Every structure is written in C-alpha cells, then in structure tokens.
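This is what each chain is made of:
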Amino acid sequence: MQHRKIAFIGAGNMAKAIIAGLVNGGYPAQLITATSPSMTQDSPLHAQYGIRCSNDNLESARQADVVVLAVKPQMMADVCAPLYQQVNLSGKLILSIAAGISVGRFSQLLGPVDLIRIMPNTPSLIGLGMSGLYAPPQVSAQDREFTACLMQSVGEICWVNEESGINNIIAAAGSAPAYFFLFMEAMQNESERLGFKPETARLLVQQAALGAAQMVVNNPQLDIGTLRQQVTSKGGTTAEALRVFHEQGLSETVASAMQAAIKRANEMEKSL
Ligand SMILES: NC(=O)C1=CN([C@@H]2O[C@H](COP(=O)(O)OP(=O)(O)OC[C@H]3O[C@@H](n4cnc5c(N)ncnc54)[C@H](OP(=O)(O)O)[C@@H]3O)[C@@H](O)[C@H]2O)C=CC1
Ligand SMILES: O=C(O)[C@@H]1CCC=N1
C-alpha cells in the first residue's frame, strides 16, 4: 500500500487501536504521529510502537499528508477551530473517526476539505477491525483507495454510498464489540455464581465466544441460524435456554438497542 505521513489528533482508545494495528501490520512507524494534550515525546505509545508523540496538534497536522481526527465528538469543534485558522489543509486528506459529526458539519468547522468518514471498531487493535467508510463524491479515487488500504490493514472494510449508512455501521459494528462484551460479562457472572473461579468462568465464556465466532468465519456457506440449530438438540438443554431468550424478547432487545445507537448518532449530528 501507499505510505503517507499520518497525524492522529487524539490518541485515546480508538486511535491507539488503529495505530497498533497499523504498526503491527507493517505501516512505517516513523510516518505516524499522535497528539493529545497529555502526550509527551516519550509517552508509552512512542515506547511501544516507535511512533512520534507530541502535544502539538498544529505542528503535527502541518507536517502530515493525512490528518485523522480521533477526539471525542464533543471536543471536535474546539479541536478543529485552530486547525482551520492556522493550518493550510488544502491538499491534505482529512479522516474522521468520530460518531455524530457529519461531512456538512466538518465543512463548517474546517472549510472545504477532502474528508472521508470512517467508523472503525476497537478490534482493529488486533487486526480484526470492522470499519465503515463514507466519502463524499468530490473525494478522489486515490484518496479513497489509500483510506481503504489503510483500514484494510487493520481489518475488514465496508463502503456506504449514503452518509446515513455510517450511523447504521455504528449500530452494527462500531458499538458492537460492547454488546458482545456485555453478553460475555453476563455469562461470566452467572458462571461465577455457579461456583467457577473467575478465571475459569472467563475461560469458559471466552472460548465459547471465540469458537462460535470462528465457526461463523469458517462456514460462510452456512447461515448463522443453521450453526445455532446444530447446537440445539430437540428436547435438550440448548432448546430450553433459547426458549428463555425468545420469551424474554432477545431479538427485539437487540433491534431496539441498535436503533437506540442510530438515534443517538442522529441526535449528535444535530447538536454538535
Ligand atoms: N472507542 C470506540 O470503540 C470507538 C470510537 N470512535 C470515535 O473515536 C473518537 C475517539 O473515541 P475514543 O478513542 O473512544 O475516546 P478517548 O476518550 O479514549 O480518546 C480521546 C482522545 O482525545 C484526546 N484529546 C482530548 N482533547 C484533545 C485536544 N484538544 N487535542 C488533541 N487530542 C485531544 C484525549 O487526550 P487526553 O487523554 O490527553 O485528554 C484522548 O487521547 C470519538 O469521536 C468516537 O466517536 C469510533 C468508533 C469506535
Ligand atoms: O460510543 C461511541 O459513541 C463510540 C462510537 C462507536 C463506538 N464508540
């Protein structure tokens, strides 16, 4: 893939996950800078990945070809104002990973820039990310290709044709690791109540989750429902557990939760 100088503005959970995935996947560390107010030259991110670390957003953005906006959505306006006023952004590619800040809002915050929205998720850290991408029509084929390759180096990607698709990606993938963690936490808690030590309870749950996910990956010809049926003996134990999930409305709960994530993203787009 093409290598460009990248500045991450904001170096929290999501930026760190992408940086780790990139460097571990062979992206040259000397081309990556990360900035945040608490960052120093010898911060752990520098020691761990060999990237440049700084607390100077403007200098980092000036020397970069690609600026990744990776601060909390609520911080975005404050972070963009000095970038707009003091950095020549023309010719640079701007990538935003923020939920709830639209391309239209960015053109208010930064003027007319080449911007692609990315909705990644934290498994990018281990090369198993899932990112949605949206580029407005005027973004060049080279910038689209670069961004696709960048995010493919930390996982799978999915382009959306409409910007509203990014909020659907949030519901289905960006926020989704937390859904699975919640489910696993609940299973671990109940396993502990059954008398397993915490580490054993965790092992039981993590191996079941990992095995189930890997079976989905390894069997693209099988519906996930078929894999479920293969576990579910007639009149057996799984059928009873699934009956409880159905009776207590698991599918409806999942659908409502995903809709709530989309609703929140839409609200953020109106208010930030
Ligand atoms: N977490 C996730 O799973 C996902 C997050 N996102 C998006 O990623 C973005 C970041 O989220 P996340 O990583 O979770 O958030 P974090 O709170 O973990 O990180 C935010 C980062 O921004 C830094 N920051 C704060 N103020 C400034 C500033 N003025 N200039 C530069 N950096 C600043 C913080 O630095 P300091 O610690 O020094 O204050 C911190 O490094 C959000 O917009 C979110 O919507 C998208 C997909 C998934
Ligand atoms: O919770 C959030 O708003 C961000 C976006 C997707 C995951 N985390």
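Residues numbered from 1 in each chain as written. Chains lettered and ligands numbered in written order. Predicted model: local features only at pLDDT ≥ 70, side-chain atom pairs only at ≥ 80, totals over all residues. Heavy atoms only, no water.

This paragraph deals with the nonpolar core. Formed by 37 residues in total, the largest nonpolar core has its most connected members in F8, I19, L45 and I51. Among the secondary structure elements, those contributing two or more residues to this core are β1 (6-9), α1 (13-24), β2 (32-35), α2 (44-49), β4 (66-69), β5 (93-96), β6 (114-119) and α6 (141-152). If you tally residues by element for this core, the top one is α1, at 8 residues. In this structure F8 touches A15, I18, I19, L22, I32, T33, A34, T35 and V68, once residues within four positions along its chain are discounted. Formed by 31 residues, the second largest nonpolar core is a distinct cluster that contains L69, I101, V113 and I170. (Core = buried A, V, L, I, M, F, W, Y, C linked by side-chain atoms within 4.5 Å. Buried < 20%, exposed > 50% of the residue type's maximum accessible area, 1.4 Å probe, protein only. Helix = DSSP H or I, 4+ residues; strand = E, 2+ residues; numbered from the N terminus. Contact = heavy atoms within 4.5 Å.)

As a further point, take the site of ligand 2. Around ligand 2 lies a shell formed by A99, G174 and S175. Alone, ligand 2 offers 250 Å² of accessible surface; in the complex the protein occludes 46% of this. (Near = heavy atom within 4 Å. Areas by Shrake-Rupley, 256 points an atom, 1.4 Å probe, with all protein chains shown as cover.)

This paragraph deals with a nonpolar patch on the surface. Taken together, the side chains of F183, M187, F245, L250 and V254 define a hydrophobic patch exposed on the protein surface, amounting to about 390 Å² of accessible area. Elements with a contribution of two residues or more to the nonpolar patch: α8 (176-193) and α12 (250-271). Structurally, F183 can be placed in helix α8. (Patch = residues over 30% accessible without salt bridge, like charges linked within 9 Å, V, L, I, M, F, W, Y side chains within 5 Å. Salt bridge = Lys/Arg side-chain N within 4 Å of Asp/Glu carboxyl O.)

Another aspect to go through is the environment of K270. In this fold, K270 is placed in helix α12. Once the C-alpha coordinates of K270 and G26 are considered, the two residues, 244 residues apart in sequence, prove to be 39 Å apart.

What follows deals with the side chain of E163. Within the secondary structure layout, E163 lies in the loop between β8 (155-159) and α7 (164-174). There is a polar contact of 2.7 Å between the side chain of E163 and the backbone nitrogen of V103. (Polar contact = N/O pair within 3.5 Å; in protein donor to acceptor, adjacent residues only side chain to side chain.)

Each aromatic ring pair is characterised by the separation of its centres together with the angle its planes make. A full pass over the atoms with the stated rule returns 1 aromatic pair. Seen in terms of ring centroids, F183 and F245 are 5.8 Å apart; in terms of plane orientation they differ by 35 degrees. Their pairing is tilted. Pair noted here: F183 is in helix α8 and F245 is in helix α11 (residues 237-247), with a separation of 62 residues, a long-range link. Residue class for F183 comes out partly exposed when judged on its relative accessible area of 37%. Here F245 falls in the partly exposed class, since its relative accessible area comes to 35%. Its guanidinium or amino end placed over the ring of F146, R4 lies 4.4 Å from that ring's centre, counting from NZ or CZ. (Phe/Tyr/Trp six-rings, centres within 6.5 Å; stacked < 30°, edge-to-face > 60°. Lys NZ or Arg CZ within 6 Å of the ring centre and 35° of its normal.)

This brings us to the UniProt feature "binding site: NADP(+)" (unreviewed entry) in the chain. In this numbering, the UniProt entry assigns the feature "binding site: NADP(+)" (unreviewed entry) to I9, G10, A11, G12, N13, M14, S36, A70, V71, K72 and P73. On the secondary structure map, G10 appears in the loop between β1 and α1. Excluding residues that lie within four positions of it along the chain, G10 makes contacts with A15, T35, A70 and V71. You can see A70 is positioned in the loop between β4 and α4 (76-86). Beyond its immediate sequence surroundings of up to four residues, A70 is in contact with I9, G10, A15 and I97. (UniProt positions renumbered as here; feature names shortened; annotations may be inferred.)

Turning next to the pattern of salt bridges. This structure, assessed with the given rule, holds 9 salt bridges. In this structure, R243 and E247 form a salt bridge, with 2.8 Å as the shortest nitrogen-oxygen distance. Taken as a pair, R243 and E247 lie in helix α11 at a separation of 4 residues, close to a single helical turn. Taking the relative accessible area as the measure of exposure, R243 reaches 35% and is therefore partly exposed. Its salt-bridge partner being E267, residue R264 comes within 3.2 Å of it at the nearest N-O pair. Within this pair, R264 and its partner E267 are both found in helix α12, separated by 3 residues, close to a single helical turn. The exposure class assigned to R264 is partly exposed, which follows from its relative accessible area of 41%. Judged by relative accessible area, E267 falls into the partly exposed class, the value being 34%. Salt bridges here are not isolated pairs; linked through shared partners, they connect R117, E163 and E269.

This paragraph deals with the site of ligand 1. As a matter of local geometry, ligand 1 sits amid 23 residues, with N13, M14, S38, N57 and V71 nearest to it. Between ligand 1 and A99, the relevant distance is 3.0 Å, taken from an oxygen atom to a main-chain nitrogen or oxygen of the residue. For ligand 1, whose accessible area on its own is 900 Å², the fraction buried by protein is 76%. For the shell around ligand 1, the residue count by class is 14 nonpolar, 8 polar and 1 charged. (Nonpolar A, V, L, I, M, F, W, Y, C, P; charged D, E, K, R; others polar.)

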